Amino acid sequence: MNYIKTLSILLTFFGVFLSFIGLIPYVVHFPTSDPTASGPRNLWEVLIYFAYDWEGWYLPIGIIMLVMGLLVNYRIIKWIFLELTVKFLQQGS
């Protein structure tokens, strides 16, 4: 059970991160720099270049990972709820 919870947390975390990276091209324009100093000047511009690299594929991949993480988490919650319900009903009998 512990590895499933870890998987759920990792999928959710990476899903949120990749969705954030995937939204950057829709919000921020590609940074331009003068020809003498081409390339990223700071970490934010590195993230922007990284986000523009796959041309928007990070967003659907991130959303799929986020949904998978939430479904795994929902399955854990559902399993715990059913287990507690069965234990409660057994104690009542």
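Residues numbered from 1 in each chain as written. Predicted model: local features only at pLDDT ≥ 70, side-chain atom pairs only at ≥ 80, totals over all residues. Heavy atoms only, no water.

## Examining the overall build of the protein chain
Under the convention used in this document: Where helices and strands are cited, they refer to DSSP runs of H or I of at least four residues and of E of at least two residues respectively, numbered from the N terminus. Between the two quantities, the radius of gyration covers C-alpha atoms and the globule rule is 2.2 Å times the number of residues to the power 0.38. In this analysis, two residues are considered to be in contact whenever any of their non-hydrogen atoms come within 4.5 Å of each other. The positive count covers Lys and Arg only, the negative count covers Asp and Glu only, and His and the chain ends enter neither. For the purpose of locating charges, the reference atoms are NZ of Lys, CZ of Arg, CG of Asp and CD of Glu.
In terms of helices and strands, the protein chain carries three helices and zero strands. N-terminal to C-terminal, the α/β element order of the protein chain is α-α-α. Taking 12 Å as the expected radius of gyration for a compact globule of 93 residues, we find that the protein chain reaches 21 Å, considerably beyond that expectation. Seen along its three principal axes, the alpha-carbon backbone of the protein chain occupies a region of about 80 × 20 × 15 Å. Counting only contacts in the protein chain whose residues sit at least 6 apart along the sequence, the fraction spanning at least 24 positions is 69%. Averaging the coordinates of the 5 positive side-chain charges in the protein chain and doing the same for the 5 negative ones gives two points 25 Å apart.

## A closer look at the environment of Gly-15
Residue placement: Gly-15 occurs in helix 1 (residues 2–27). It is 18 Å that separates the C-alpha atoms of Gly-15 and Val-27, two residues lying twelve residues apart in sequence. Discounting chain neighbours no more than four positions away, the residues touching Gly-15 are Gly-62, Met-65 and Leu-66.

## Things to note about the nonpolar core
Nonpolar side chains in soluble globular proteins tend to end up buried together. Put simply, the test is: The nonpolar core is taken to be a set of buried Ala, Val, Leu, Ile, Met, Phe, Trp, Tyr and Cys residues, with the residues joined through side-chain atoms within 4.5 Å. Relative accessibility decides the category of a residue: with a 1.4 Å probe and only protein chains considered, values under 20% of the type maximum give buried, values over 50% give exposed, and everything between is partly exposed.
Listed in full, the eight residues of the largest apolar core are Leu-11, Leu-18, Ile-21, Ile-24, Ile-48, Ala-51, Tyr-58 and Met-65. Secondary structure elements with two or more residues in this core: helix 1, helix 2 (43–53) and helix 3 (58–92). For this core, the element with the highest residue contribution is helix 1, accounting for four residues. If we skip the residues at most four places from it in the chain, Ile-24 touches Trp-44, Leu-47, Ile-48 and Ala-51.

## Thoughts on the packing of aromatic side chains
Defined as follows: Note on ring pairs: Phe, Tyr and Trp rings are taken, using the six-membered ring of Trp, and paired if centres are within 6.5 Å. Classes follow the plane angle, with under 30 degrees stacked, over 60 edge-to-face and the rest tilted.
One pass over the full model with this rule turns up two aromatic pairs. An angle of 65 degrees between the planes, with centres 5.4 Å apart, marks the rings of Phe-13 and Phe-14 as edge-to-face. Residue classification places Phe-13 among the exposed residues on the basis of a relative accessible area of 52%. Judged by its relative accessible area of 39%, Phe-14 is partly exposed.

## Section: helix 2
Operational definition: Note that the arc is defined by the directions from the helix axis to the C-beta atoms.
Of all the positions in helix 2, only Glu-45, Ile-48 and Ala-51 are classed as buried. When helix 2 is viewed along its axis, its buried side chains cluster within an angular range of 120 degrees and face the same direction. Exposed and facing more than 90 degrees away from the buried side of helix 2 are Leu-43 and Asp-53. Glu-55 lies just past helix 2 and shows a positive phi near 55 degrees.

By themselves, these observations are geometric and do not establish any function.
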